[in-house]
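Working through the structure, step by step
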Amino acid sequence: MTNQEPRRFGLYYSTTTDRYRQADLEGIIPLLHRMGVGWLVVRSTAARAVPEDFLKGLLAHGITPFVHFVLPLETPPAEVGVLLRSYARWGVRHVAFFDRPNLQGAWGRAWGQPDLPARFLDAFTPLAAAADVEGLQPFFPPLAPGGDYWDLAFLRAALQGLRRRNPLVAERLGLCAYAWAEGKPLDWGRGGPEVWPAAQPYFTPPDSEDHRGFRIFDWYTVEARAALGRVPPIFLLGMGSRYGYEPDEAVESKNTAIARLFWENDLPAEVLGGAFWVLTAPAESPEGRAAWLEPSGKPRGTVAALEALRPQSPRPERTARQAAVAARRYILLPTFARGVPPHYLSAALPWLQRGEATVGFSVEEALRAQHITLLGSPDDFPPEARTALQASGATLEWVPVNSPTEVAL
């Protein structure tokens, strides 16, 4: 990757929807900067949006918001459509729908009906398609590791079904995962089922390891490749060790080790980012007991440890051209073996005439921009380029090139 900084970790900010006032934003921004946070996961419902000022404030400070819609499974797409359109307009680019649908509690009496993954797709696919229409990248929800329905089986079946129902959404989909350490070493399950073939649903032999740990992404990539033929970007919506589950010293040690992996870029390319759990929540809730800020506002030890860990070396100086690119939109054209078709060049002409963007063919140069417009379809760009662009944190916009005489702008 060619970002100006290594890929950064984030925080799952709150499990409630009442922590998004301007005062809340002003209170957390200095802390986020001191810790080196690059992502902030915010929670939305169908009835209550995260305010525009809060989201734009994050973006203005170089922090990428990731919106997690926590919804009842029967939520009609129409109830979320206006929010998706607003979030896209405010600069959001990543949204996940639902939470742990492989648990019985998410379904109530409907749990016992057959083909749970397919019935989940009845709820998920319309919302993911609506997000895609608005230019948002939809993410499959985090599953409960293990869960009442074994999460690896649920994931593969659902992704296979999504590929049949809506290939375009399946192509643009991202995955979420809960990557809790839960008392295990951080390399527990490393390498996935190819290294640990004896692991079975609900049974892990004493001399084997499974996916229920921080390295869950090694196992999800295998399921995704089998179902989709590719590995989508994976966002760790919750990760690491939580207060209340292990001694404080173990929590702080493991979380700083995870942060170091992000700072040193020592994670697979498909890991888009990850969020520690949790910055703030009601004190009486389980999440509140795991919070990194005590009810009094005093930070717990992980905060100070991450502040000390963050690399303090200055960023390398950028050339004048790099600075100009970063400050403006980059229009990225695909390359073709026989040269670029004229109608692709025509599609870029309006931006060239207005002088509003840099136009080129360099993925490396595009990754330095804050807003990247890709001309063409995802199939016009190689998979490794799409993965790097999705992981860049830049605002991505796809502009299809329909025909030699008709271009969508």
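An account of the accompanying structure is given in this report. (Residues numbered from 1 in each chain as written. Predicted model: local features only at pLDDT ≥ 70, side-chain atom pairs only at ≥ 80, totals over all residues. Heavy atoms only, no water.)

Section: the nonpolar core
Applicable threshold: Among buried residues, the Ala, Val, Leu, Ile, Met, Phe, Trp, Tyr and Cys ones that are joined through side-chain atoms within 4.5 Å form a nonpolar core. Think of it in three bands: with a 1.4 Å probe and only protein chains considered, a residue is buried below 20% of the maximum accessible area for its type, exposed above 50%, and partly exposed in between. Every helix listed is a DSSP run of H or I at least four residues long, and every strand listed is a run of E at least two residues long, numbered separately from the N terminus. Between two residues, a contact is recorded if the distance between any of their heavy atoms is within 4.5 Å.
Counting 86 residues, the largest nonpolar core has F97 and F140 as the members making the most contacts within it. For this core, the leading source of residues is helix α4 (residues 116-133), giving eight residues. What F140 contacts, discounting residues up to four positions off in sequence, is F120, F124, F154, L155, A158, L159, L173, G174, L175 and C176. Within the second largest apolar cluster, 16 residues are counted, among which are C176, F235, L237 and L272.

Regarding the packing of aromatic side chains
Operational definition: Pairing of aromatic rings covers Phe, Tyr and Trp, the last counted by its six-membered ring, and requires centre-to-centre distances within 6.5 Å; plane angles under 30 degrees mean stacked, over 60 mean edge-to-face, and any other angle means tilted. Whether a charge sits over a ring depends on NZ of Lys or CZ of Arg being within 6 Å of the ring centre and within 35 degrees of the ring normal.
A complete count under the given rule lists 26 aromatic pairs for this structure. Centre to centre, the rings of F124 and F140 are 5.5 Å apart; their planes meet at 65 degrees, and the pair counts as edge-to-face. Taken together, the residues F124 in helix α4 and F140 in strand β5 (residues 137-140) connect sequence positions 16 residues apart. Like F140, F124 is buried. Members of the aromatic cluster, joined through ring pairs, are F69, Y87, W90, F97, F98, F120, F124, F140, Y149 and F154. If you follow R300 out to its NZ or CZ, it ends over the ring of Y243, 3.9 Å from the centre.

Concerning the packing of helix α1 (residues 22-35) against helix α2 (residues 52-60)
We count it as follows: With axes taken as lines fitted to C-alpha atoms, and helix axes fitted only over the stretch in contact, angles between N-to-C directions fall between 0 and 180 degrees. Orientation is classified from the angle alone, with under 35 degrees giving roughly parallel, over 145 giving roughly antiparallel, 65 to 115 giving roughly perpendicular, and any other angle giving oblique. A clockwise turn of the near helix away from the far one marks a right-handed crossing, whereas an anticlockwise turn of less than a right angle marks a left-handed crossing. Lys, Arg, Asp and Glu make up the charged group, whereas Ala, Val, Leu, Ile, Met, Phe, Trp, Tyr, Cys and Pro make up the nonpolar group; the residues left over, Gly among them, are polar.
In contact at an axis separation of 10 Å, α1 and α2 are set at 20 degrees when each is read in the N-to-C sense. Classified by the interaxial angle, the pair formed by α1 and α2 is roughly parallel. With respect to the hand of their crossing, α1 and α2 are arranged in right-handed fashion. Residues Q22, D24, L25, I28, I29 and L32 of α1 pack against D53, F54, G57 and L58 of α2. Its residues assigned to classes, the contact of α1 with α2 shows six nonpolar, two polar and two charged.

Some words on the pattern of salt bridges
Quick note on the threshold: Salt bridges are defined by distance alone: a side-chain nitrogen of Lys or Arg within 4 Å of a carboxyl oxygen of Asp or Glu.
Following the criterion strictly, the structure yields 13 salt bridges and no others. Notably, a salt bridge pairs D122 with R165, separated by 2.7 Å at the nearest N-O pair. In this pair, D122 sits in helix α4 while R165 sits in helix α5 (residues 151-165), placing the two residues 43 residues apart along the sequence. Here R165 falls in the partly exposed class, since its relative accessible area comes to 41%. A salt bridge links R242 to E182; its shortest N-O distance comes to 2.5 Å. Of the two residues, R242 is situated in the loop between β7 (234-240) and α8 (248-263) and E182 in the loop between β6 (174-180) and α7 (216-228); the sequence distance between them amounts to 60 residues.

Quick look at the environment of I234
Following the sequence through the fold, I234 ends up in strand β7. For the pair formed by I234 and L175, sequence separation is 59 residues and the distance between their alpha carbons is 4.7 Å. Excluding residues within four positions of it along the chain, I234 makes contact with L175, A177, F217, Y220, T221, E270, V271, L272 and G273.

Some points on the sheet that holds strand β10 (residues 357-360)
Spelled out, the test is: Strand pairing requires that DSSP identify at least two bridges connecting the strands.
Pairing is parallel across the open sheet formed by four strands, whose spatial order is β10-β9-β11-β12. If you trace the sheet from one side to the other, it starts and ends with β10 and β12 (395-399), each paired once. Geometrically, the sheet is characterised by an average inter-axis angle of 20 degrees between neighbouring strands, direction not taken into account. The sheet contact formed by strand β9 (residues 329-332) and β10 spans four bridges and is parallel. Counterpart to L332 in the pairing with β10 is G360. Most of the contacts of helix α14 (residues 383-390) go to β12, to which it runs at about 135 degrees, and overall it touches β9, β11 (371-375) and β12.

Observations regarding the side chain of E246
The line we're drawing: Pairs of N or O atoms within 3.5 Å make up the polar contacts considered here, provided that, within protein, one atom can donate a hydrogen while the other can accept it, and that residues adjacent in sequence are counted only when both atoms are side-chain atoms.
Checked against the element boundaries, E246 lands in the loop between β7 and α8. Reaching out from E246, the side chain makes a polar contact with the backbone nitrogen of G183 at a distance of 3.2 Å. A distance of 2.6 Å separates the side chain of E246 from the side chain of S241, its partner in a polar contact. Setting aside residues up to four positions removed in sequence, E246 forms contacts with A181, E182, G183, S241, V251 and K254.

Digging into the packing of α8 against helix α10 (residues 301-309)
Two elements in contact, α8 and α10, have axes separated by 9 Å at closest approach and are oriented at 30 degrees. Taken together, the axes of α8 and α10 lie roughly parallel to each other. Between α8 and α10 the crossing geometry is right-handed. On α10, the residues touching V251, E252, N255, T256, A259, R260 and W263 of α8 are G301, T302, A305, L306 and L309. Looking at the contact of α8 with α10 residue by residue, the classes come out as six nonpolar, four polar and two charged.

Re the sheet that holds β6
Reading around the circumference, β1-β2-β3-β4-β5-β6-β7-β8 is the order of the eight strands in this closed barrel, with parallel pairing throughout. The mean inter-strand angle of the sheet, taken between neighbouring strand axes irrespective of direction, is 30 degrees. Here four bridges tie β7 to strand β8 (residues 271-277), and the two strands are oriented parallel to one another. Directly across from M239, in β8, lies its bridge partner F276.

Some details on unusual backbone geometry
Positive phi, close to 75 degrees, is recorded for F98, a residue that is not glycine. Tracing the backbone through its elements, the reader meets F98 in the loop between β4 (94-97) and α4. The class of F98 is buried, set by a relative accessible area of 1%.

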